[in-house]
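Breakdown of the fold
Spelled out, the chains give:
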Amino acid sequence: MARHPPLRHRVQQLSTVPVVLWRRLVGAVVFAIGWLTVWLPGAATATALAGAIALWVWAGSSSSLEQAVALARPWVPALQTLTLDGTDASLRNGGRIQRLDWRDGAGLSVSAQGIDFSLDLRPLLKAEPLTLALHLDTLVVDDQSPPNPEPPTPPNNLTLPLDLQVALDVDRLTLNGPQPVHIDHLRAEYRYGGEDGEASHLISDLHLEVAQGSYGGTIALQAEAPMALNADLHGQLTTVLPAMGDEPPRPWQSPVAVRVRGMLANEDPSQSALASV
């Protein structure tokens, strides 16, 4: 059985190694440690930067919106009943969607045609609202949900994950029902934002035309309880008075103003909001 030399002899053998060789060996180890210390974080940074650039380029492609919806559909139930046709839009810049259809499975369906939108993500880098401009040729809302025996109750929280600013333009909005309601030239500026506990939804520069009248105003709603509501609406009601005796039918106009104040989260439903005309 072979016997190893004592440890003392091995140390003596190492001491005979030239000093120059020791210096080279130590220098190589130090260089390797320094190279790994610099290269590994640099490689990780370069990989992350390359991934970010690739994601930015992909988000600007004309198929990125449709691809993103397809990727998210298995994980987001609301997207499983969403269909997009004629999509030429990107996540980064927006674009056009020929037709959009969505339903909730309980009888509510929404259909839109001729959707043009643009968005600007740069304000998010400065903690400013995401800016979106949205135009729709037609928007149809059809609610065939079964009647609910319970009285409707407003939600007590309508907060959003980020600040938002939207310029909305709808040529025709149709609310289907036994007697469909058609709203033309719906225009509005929508903004959501505010500090925690003070966030609110604000609709300003509102304009719409319905039933031969044109209306406008502003609506402000607190995002959290007690959900204070302040709405000021005004307009011009135009109609045609029927013929009376020898008088032929003639046009008739009257100004209309409505003010609504209240708390939607009020425990007493009869005191939720008060309106004056």
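What you see is a predicted model, and the numbers here were worked out from it, not measured in a lab.

Regarding its fold elements, the protein chain presents four helices and eleven strands. The buried share among the 277 residues of the protein chain stands at 21%. With an accessible surface of roughly 19,100 Å², the protein chain has 63% of that area assigned to carbon and sulfur atoms.

It is worth spelling out the pairing of strand 6 (residues 181–193) at this point. Two elements, strand 5 (residues 164–176) and strand 6, share eleven bridges in a ladder whose sense is antiparallel. The partner of D169 across the bridge, within strand 6, is R187. Hairpin connection, strand 5 to strand 6: the antiparallel pair is bridged by four residues. Counted between consecutive antiparallel strands, the loop separating strand 6 from strand 7 (residues 200–210) contains six residues, among which G194 sits at a positive phi close to 130°.

In this structure, I115 and F117 are the most contacted members of the largest nonpolar core, which totals 21 residues. Where this core is concerned, the elements lending two or more residues are helix 3 (64–72), strand 1 (82–90), strand 2 (94–103), strand 3 (108–120), strand 4 (130–143), strand 5, strand 6 and strand 7. Sorting elements by how many residues they give to this core places strand 3 first, with four residues. In this structure, I115 is in contact with G95, R96, I97, L100, L134, H135 and L136, ignoring residues within four places of it in sequence. Among the nonpolar cores identified, the runner-up in size contains seven residues, and L130, L164, Y190 and A199 belong to it.

As a volume, the largest pocket reaches approximately 830 Å³. Around the largest pocket, the lining is made up of 27 residues, and of these L100, I115, F117, L132 and L134 lie nearest the centre. Those elements that place two or more of their residues in the lining of the largest pocket are helix 3, strand 1, strand 2, strand 3, strand 4, strand 5, strand 6 and strand 7. Of the residues assigned to the lining of the largest pocket, the class counts are 26 nonpolar, one polar and no charged.

Next up on the list: the side chain of T87. Within the secondary structure layout, T87 lies in strand 1. On the accessibility criterion, T87 (17% relative accessible area) is buried. Apart from residues no more than four positions distant in its own chain, T87 is found in contact with S62, L65, E66, R96 and I97.

Another point: helix 3. Along an α-helix, residues three or four positions apart point the same way, because every turn accommodates 3.6 residues. Along helix 3, the residues that are buried comprise S64, L65, A68 and V69. Projected onto a plane normal to the axis of helix 3, the buried residues spread over an arc of 135° and lie on a single side.

Taken together, the nine bridges between strand 8 (residues 213–222) and strand 9 (residues 228–241) define a ladder with antiparallel strand orientation. What sits directly across from G213, in strand 9, is L237. Linking strand 8 to strand 9, which pair antiparallel, is a turn of five residues; within it M227 sits at a positive phi near 55°. Looking at chain direction, strand 9 and strand 10 (residues 250–263) are connected through 14 bridges and run antiparallel.

For the coordinates displayed, the defined rule picks out seven salt bridges. A salt bridge links R99 to D101, with the shortest nitrogen-to-oxygen separation between them at 2.8 Å. For R99, a relative accessible area of 30% corresponds to the partly exposed category. One salt bridge connects D169 with R187, and the closest N-O pair in it is separated by 2.6 Å. On the criterion of sequence distance, the pair formed by D169 in strand 5 and R187 in strand 6 is long-range, its members being 18 residues apart.

This part is about the side chain of S90. Mapped onto the fold, S90 is located in strand 1. A residue is classified by how much of its surface remains accessible, and S90, at 4% relative accessible area, is buried.

Tracing the backbone through its elements, the reader meets L119 in strand 3. Distance in space between the C-alpha atoms of L119 and G94 is 5.8 Å, their sequence separation being 25 residues. Residues within four places of L119 in sequence aside, it is in contact with S90, L91, R92, N93, G94, T131 and L132.

A word on the environment of V166. Considering the arrangement of structural elements, one finds V166 in strand 5. Judged by relative accessible area, which is 10%, V166 ranks as buried. Taking C-alpha positions, V166 is 8.3 Å from A188, a pair spaced 22 residues apart along the chain. Leaving out residues up to four positions away in the same chain, V166 has contacts with L132, A188, E189 and Y190.

How each quantity is defined
Residues numbered from 1 in each chain as written. Predicted model: local features only at pLDDT ≥ 70, side-chain atom pairs only at ≥ 80, totals over all residues. Heavy atoms only, no water. Helix = DSSP H or I, 4+ residues; strand = E, 2+ residues; numbered from the N terminus. Buried < 20%, exposed > 50% of the residue type's maximum accessible area, 1.4 Å probe, protein only. Areas by Shrake-Rupley, 256 points an atom, 1.4 Å probe, with all protein chains shown as cover. Pairing = 2+ DSSP bridges. Core = buried A, V, L, I, M, F, W, Y, C linked by side-chain atoms within 4.5 Å. Contact = heavy atoms within 4.5 Å. 1 Å grid on protein atoms, 1.4 Å probe; cavity = no way out; pocket = protein on both sides within 12 Å on 5 of 7 lines; lining within 4 Å. Points joined across faces, edges and corners; volume = space filled by probe spheres on them. Nonpolar A, V, L, I, M, F, W, Y, C, P; charged D, E, K, R; others polar. Arc of directions from axis to C-beta. Salt bridge = Lys/Arg side-chain N within 4 Å of Asp/Glu carboxyl O.

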